[in-house]
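One letter stands for each residue in the lines below.
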Amino acid sequence: MGILKLSPVFKDYIWGGERLKTDFGYKCDYDKVAECWELSCHKDGRNTVDGGEFDGRALDDVINEIGKEKMLGTASARFDYFPVLIKLIDAKDNLSIQVHPDNEYAKRVEGEFGKTEIWYVLDAADDAQLVYGFKKKISSQEFRKAIEENTLTDVLNTVKVKKGDLFFIEAGTVHAIGKGTLIAEIQQNSNSTYRVYDYGRVGADGKPRELHIDKAVDVSLTEPARYEIKPFGEPVDNGTNVSTLLAKCDLFTVNHYDVKSEVKLNADDTSFNHVLVVDGNGVINDRSFKKGDSFFIPASFGEFVIKGECEIIVTNI
């Protein structure tokens, strides 16, 4: 089994912009491209394979045909589902203020798993901000009252954003990406989102977008976010590349590599690897790539080498 290049899935939500087309060169008929799903086996957007013997086939179909453990690795045995979903997000406008449920609540109410995620900021306007938890701990009743009295933004924690910031957003953290922000998101394989506030916007049907107040109150951690706004690890200069551990938890491990000439990585029998090229170009083994390309490396593939001048984000479990 070789390395699989993946074709992206696009989403045209109302807050999206044009940078995923202009900066990354994606071909898409949408006027706005809010999200590009780079690794997904979710029913709401399934990546297909680009080229090779599995060309045009959905990634999850290929995994099922070859075998889950062989493709995903032994660590996948603890998941009942494909473990992660990886996106690029272009927020030309503010996203809704929202929250995601944890596994227990999501499985019971939504029939899928919860959503813990990270945001790695690829670029941000000088005045870009986002919402990350609460300024101080409040009760669920006070949270509901702030929503009803339209004072929610007074109790939420708003922070300035800059390139290189890392936000770890555990399930239950109230959050919102602000306009002018370009983000790589690595998350659990879930699409359960509860909107709390949406600036009075209407959807494509001309009606206000649905809010999910009761569910949001049920699942929200009404307190400051627990994690610092920075990568988990410090940059390590390896000579041919600089590596940084962005995040590590029981759901995923994510590393960023600033490749000066090359980096050698290994996909052992524990986990698949996913490589997302967020800048530059080069070659992965004998296959050329450019900014925006996405590759799935099956478990037990062994060593793979990335050569060139580029920035990549590598995810495994």
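Residues numbered from 1 in each chain as written. Predicted model: local features only at pLDDT ≥ 70, side-chain atom pairs only at ≥ 80, totals over all residues. Heavy atoms only, no water.

Visitor: Explain the overall build of the protein chain here, please?
Guide: Within the protein chain, the regular secondary structure consists of 7 helices and 23 strands. A compact globule built from 317 residues would reach a C-alpha radius of gyration of about 20 Å, and the protein chain, at 19 Å, matches this within 12%. Its C-alpha atoms give the protein chain principal-axis dimensions of roughly 60 × 40 × 40 Å. Counting only residues that meet the buried cut, the protein chain has 54% of its 317 residues in that class. Accessible surface for the protein chain amounts to roughly 14000 Å². Of this, 44% is attributable to carbon and sulfur atoms. (Helix = DSSP H or I, 4+ residues; strand = E, 2+ residues; numbered from the N terminus. Rg over C-alpha atoms; globule rule 2.2 N^0.38 Å. Buried < 20%, exposed > 50% of the residue type's maximum accessible area, 1.4 Å probe, protein only. Areas by Shrake-Rupley, 256 points an atom, 1.4 Å probe, with all protein chains shown as cover.)

Visitor: Hey, could you run me through helix H2 (residues 59-66) in this one?
Guide: For the α-helix, the turn length of 3.6 residues means that residues three or four positions removed from each other point alike. Taken together, the buried positions of H2 are Leu 59, Asp 60, Val 62 and Ile 63. Down the axis of H2, the buried set is contained in an arc of 160 degrees. They therefore lie on one face. Taken from the residues just after H2, Gly 67 is the one with a positive phi, measuring 120 degrees. (Arc of directions from axis to C-beta.)

Visitor: I'm lost on helix H5 (residues 140-148) in this one. Help?
Guide: Within the sequence span of H5, burial applies to Phe 143, Ala 146 and Ile 147. For H5, the angular spread of buried residues about the axis comes to 100 degrees, placing them on one side. Structural note: H5 exposes Gln 141 and Glu 148 on the side pointing more than 90 degrees away from its buried face. Residues of H5 that are buried sit in contact with strand S10 (129-134), helix H6 (152-155), strand S15 (194-197) and helix H7 (213-219). Note on H5: the residue one or two positions beyond its end, Asn 150, has a positive phi of about 60 degrees. (Contact = heavy atoms within 4.5 Å.)

Visitor: Mind showing me how you'd approach the packing of aromatic side chains here?
Guide: Pairs of aromatic rings are described using the distance from one ring centre to the other and the angle between the two planes. Under the criterion given, the structure shown has 16 aromatic pairs. With a centroid separation of 5.9 Å and an interplanar angle of 5 degrees, the aromatic rings of Phe 24 and Tyr 26 are classed as stacked. As far as the burial class goes, Phe 24 and Tyr 26 line up, both buried. The interplanar angle of 25 degrees and the centroid separation of 4.0 Å between the aromatic rings of Tyr 81 and Phe 113 together place this pair among those described as stacked. Of the two residues, Tyr 81 sits in the loop between helix H3 (68-72) and strand S7 (84-91) while Phe 113 sits in the loop between helix H4 (103-109) and strand S9 (117-124), which places them 32 residues apart along the sequence. Taken together, the ring pairs connect Phe 10, Phe 24 and Tyr 26 into an aromatic cluster. Across the ring face of Trp 37, the terminal group of Lys 11 is positioned such that the distance to the ring centre comes to 4.6 Å. Note that Lys 291 overlies the ring of Phe 24, its terminal NZ or CZ placed 4.7 Å from the centroid. (Phe/Tyr/Trp six-rings, centres within 6.5 Å; stacked < 30°, edge-to-face > 60°. Lys NZ or Arg CZ within 6 Å of the ring centre and 35° of its normal.)

Visitor: I keep staring at the nonpolar core and nothing clicks. Help me out?
Guide: Note that soluble globular proteins tend to have their nonpolar side chains buried in a common cluster. One finds Leu 39, Phe 82, Leu 88 and Phe 296 to be the most contacted residues of the largest nonpolar core, which totals 45 residues. Filtering out sequence-adjacent residues up to four positions away, Phe 82 remains in contact with Leu 39, Cys 41, Ile 63, Leu 72, Asn 189, Phe 272 and Phe 296. (Core = buried A, V, L, I, M, F, W, Y, C linked by side-chain atoms within 4.5 Å.)

Visitor: Help me understand empty space enclosed by the protein in this model?
Guide: Think of a ball as big as a water molecule: rolled over the atoms, this probe shows where empty space is left. Applying the stated criterion across every chain yields a total of 1 cavity of 30 Å³ or more. The space that makes up the largest cavity amounts to roughly 40 Å³. Around the largest cavity sit Glu 170, Thr 173, Leu 221, Glu 223, Pro 224, Ala 225 and Arg 226, which together line it. Partitioned by chemical class, the residues of the lining of the largest cavity number 3 nonpolar, 1 polar and 3 charged. (1 Å grid on protein atoms, 1.4 Å probe; cavity = no way out; pocket = protein on both sides within 12 Å on 5 of 7 lines; lining within 4 Å. Points joined across faces, edges and corners; volume = space filled by probe spheres on them. Nonpolar A, V, L, I, M, F, W, Y, C, P; charged D, E, K, R; others polar.)

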